[in-house]
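Residue-level structure breakdown
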Amino acid sequence: EHAAVIFEREGKGSVGKKVILDMNKHSDVLPVFRANFYDPTARKWKLVSSPSMVIIDRTGNIVDRVNGWGMEDRKRFTGIITKYADESLGQSGSSETQFTTAATTIYTVPDKVFQVAKDEVFMGDLEKAVEYSIMTEVAMQPVLDAKKLQTLVYYIETLLSYFPNMKTPMRNFLISLREWPVQMRFASVSAADYKEKVTELSDFYSPFAATPSEWEGCAGSQSHYRGYPCSLWTLFHTLIVGATDKDPAFQSGGVSTVANAMIGYISKFFTCRECADHFSRHVSQLGYLPDTGDQSILWLWTIHNKANLMLAGDQTEDPTSPKIQWPSAQNCPHCRTDGNRWTPILTINGEPWNQVEVLRYIKSLYKAENLKQTPRIVRTNDVIEEVLNNLKKELKAENSLIFDEAHDKILNFCKK
């Protein structure tokens, strides 16, 4: 009554071959075939990921479509085919929700079906990335020696140059923090000294007073998913797009300032040392550092997809946000080899990409005018406090009780 076709890229670790062996005893009831995921004729199947499995009936209609998920694909595919072979449609042995639609905007995951989210970049996530990196992650270093301080200053200068729509309090905070190691001639400082300094500057400038308290585009289904690592990737993608036409290094054939800043920051400060080692390995495997704007964008995009491939199915992966080869076919339908014979093609992780469309998509997503601003929801008390604190600083009257009395009187008046 049915047949299964498993689409996958050619090479080692074939899921299709293993499933065919697993289902050999059912081959007379439900035959299983393999097909090349990247064959031009496979496009009509509107596949999302490699591997993907399609169940068809006698008339050739698609009755089920299952996208690859990771390490458990062999078990999942075999379980689903077995159910069909036993004429028990619908559920696999792992209580995985099935669906019978030709739509490509859905991923199949254990127990639930999730829409592919629209790609959006939120200013709040970018600010939170800077806040956590400067206020928390760098402060985790027991000692900041000269090399680490130089890396920090380079990172801050990169933020000051290419962070889009930066608010004045954050800019003034970063400028002051950048000058501090320079004034000390990069003498080593302890974690305690660094924390004391950033706290002092933060109290004075309030650089993140308007930054949302929660993640937005980088929010995970649970608190331990996504968050800061997602926001750091987002931050560097945004910086590298912002520097495309501005980085002076490109004029002399030098290496991208943002690429250098990212390599330095991750190698010196990123808390997950295993992740930092993987990043360094990916950079080495590419064998070059970018020296043009477009090359920089593609360089980081390639590294990010290499990381996604490695982490797909990992325990750190948010089940509602699978580590796909990005961007998805839904969000960028022309990014995967859509063009003519003169279209420049990049093959990343065995998958061909339309270089022109990938660049167009990434530039549009991360350019300053397309970033999502979060409406600031504040209480009257917050506004009053901020205004009075700014007055205190301007008048150098931090110890005066007059402002505290004024705060209480204004609040009482507002409550009437």
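The notes below deal with the structure included here. (Residues numbered from 1 in each chain as written. Predicted model: local features only at pLDDT ≥ 70, side-chain atom pairs only at ≥ 80, totals over all residues. Heavy atoms only, no water.)

Here four bridges tie strand β9 (residues 345-348) to strand β10 (residues 351-354), and the two strands are oriented antiparallel to one another. Its bridge partner lying in β10, L346 is registered against W353. In sequence, β9 turns back onto β10 through a hairpin of two residues, with N349 there showing a positive phi of about 55 degrees. (Pairing = 2+ DSSP bridges. Helix = DSSP H or I, 4+ residues; strand = E, 2+ residues; numbered from the N terminus.)

As a further point, take the packing of aromatic side chains. The full count for this structure, using the stated rule, is twelve aromatic pairs. Site record: aromatic cluster; members linked through ring pairs are Y155, F236, Y265 and F269. Note that K128 overlies the ring of W215, its terminal NZ or CZ placed 4.7 Å from the centroid. (Phe/Tyr/Trp six-rings, centres within 6.5 Å; stacked < 30°, edge-to-face > 60°. Lys NZ or Arg CZ within 6 Å of the ring centre and 35° of its normal.)

Okay, the pairing of strand β4 (residues 62-67) next. Along β4, five of the six residues are buried, which leaves the element largely enclosed by surrounding structure. Direction of pairing for strand β3 (residues 52-57) relative to β4: antiparallel, over a ladder of five bridges. Residue pairing for β4: I56 is matched across the bridge by I62. Joining the antiparallel neighbours β3 and β4 is a turn of four residues, in which G60 adopts a positive phi near 90 degrees. (Buried < 20%, exposed > 50% of the residue type's maximum accessible area, 1.4 Å probe, protein only.)

Before going further, it helps to spend a moment on the nonpolar core. Ranked by internal contacts, the top residues of the largest apolar core, which has 66 residues, are I134, F163, L174, L177, Y194, L235 and F236. Here this core takes eight residues from helix α7 (residues 228-242), the largest share from any one element. Once you skip the residues sitting within four places of it in the chain, L235 turns out to touch L126, A129, V130, Y155, L159 and F163. M23, V66, F77 and I80 belong to the second-largest nonpolar core, a separate cluster that totals 16 residues. (Core = buried A, V, L, I, M, F, W, Y, C linked by side-chain atoms within 4.5 Å. Contact = heavy atoms within 4.5 Å.)

Another aspect to go through is the environment of L239. Tracing the backbone through its elements, the reader meets L239 in helix α7. For L239, a relative accessible area of 0% corresponds to the buried category. In this structure the C-alpha to C-alpha distance between L239 and L126, which are 113 residues apart in sequence, comes to 9.9 Å. Apart from residues lying up to four places away in sequence, L239 is in contact with T158, L159, Y162, F163 and V258.

To continue, consider unusual backbone geometry. A cis amide bond links W326 with the next residue in sequence, P327, at an omega value of 0 degrees. Structurally, the position occupied by P327 is in the loop between α10 (293-311) and β9. Unlike most non-glycine residues, F186 shows phi in positive territory, near 60 degrees. Within the fold, F186 resides in the loop between α5 (168-183) and β8 (189-190). A relative accessible area of 22% places F186 in the partly exposed class.

Side chains carrying opposite charge are able to pair once their charged atoms draw close together. The tally for this structure, following the rule as stated, stands at nine salt bridges. For R336, the salt bridge is made with E351, and the minimal N-O distance between the two is 2.6 Å. One end of the pair, R336, is in the loop between α10 and β9; the other, E351, is in strand β10, and 15 residues separate them in sequence. Across this residue pair, the class does not change: R336 and E351 are buried. (Salt bridge = Lys/Arg side-chain N within 4 Å of Asp/Glu carboxyl O.)

A word on the state of the cysteines. Scanning all chains against the criterion turns up three disulfides. Residue pairing for C218: its cysteine sulfur links by disulfide to C230, the two sulfurs lying 2.1 Å apart. An S-S torsion of about -70 degrees defines the bridge between C218 and C230 as left-handed. You can see C218 sitting in the loop between α6 (191-205) and α7 and its partner C230 sitting in helix α7, a full twelve residues away along the chain. (Disulfide = S-S within 2.5 Å.)

Moving on, we come to the packing of helix α4 (residues 146-162) against α7. α7 packs onto α4 with a crossing angle of 60 degrees between their chain directions and a minimal axis gap of 9 Å. Relative to α7, the element α4 lies oblique. Crossing geometry of α4 relative to α7 is assigned as left-handed. Side by side, α4 and α7 meet where Y155, T158, L159 and Y162 of the first sit next to L235, F236, L239 and G242 of the second. Its residues assigned to classes, the contact of α4 with α7 shows six nonpolar, two polar and no charged. (Axes fitted to C-alpha atoms, helices over the stretch in contact; angles between N-to-C directions. Parallel < 35°, antiparallel > 145°, perpendicular 65-115°, else oblique. Left-handed = near helix turned anticlockwise from the far one by under 90°. Nonpolar A, V, L, I, M, F, W, Y, C, P; charged D, E, K, R; others polar.)

Taken in spatial order, the four strands line up as β2-β1-β3-β4 in an open sheet, and their pairing is mixed. Two strands in the sheet have a free side with no partner beyond their single neighbour: β2 (32-36) and β4. With direction set aside, neighbouring strand axes in the sheet form an average angle of 20 degrees.

The subject of this paragraph is α5. Across its 16 residues, α5 extends 22 Å between first and last C-alpha, which sits within 8% of the 22 Å expected from 1.5 Å per residue. In this fold, the buried residues of α5 make contact with α3 (123-137), α4, β8 and α6. One or two steps after α5, the chain reaches R185, where phi turns positive at roughly 55 degrees. (Expected span 1.5 Å × (residues − 1).)

Further remarks concern the side chain of S256. Summarising the element assignment, S256 is placed in the loop between α7 and α8 (257-268). Here the side chain of S256 touches A259 through a polar contact of 3.1 Å, landing on its backbone nitrogen. Apart from the residues lying within four places of it in its own chain, the contact partners of S256 are I240, D247, F250, P290 and S296. (Polar contact = N/O pair within 3.5 Å; in protein donor to acceptor, adjacent residues only side chain to side chain.)

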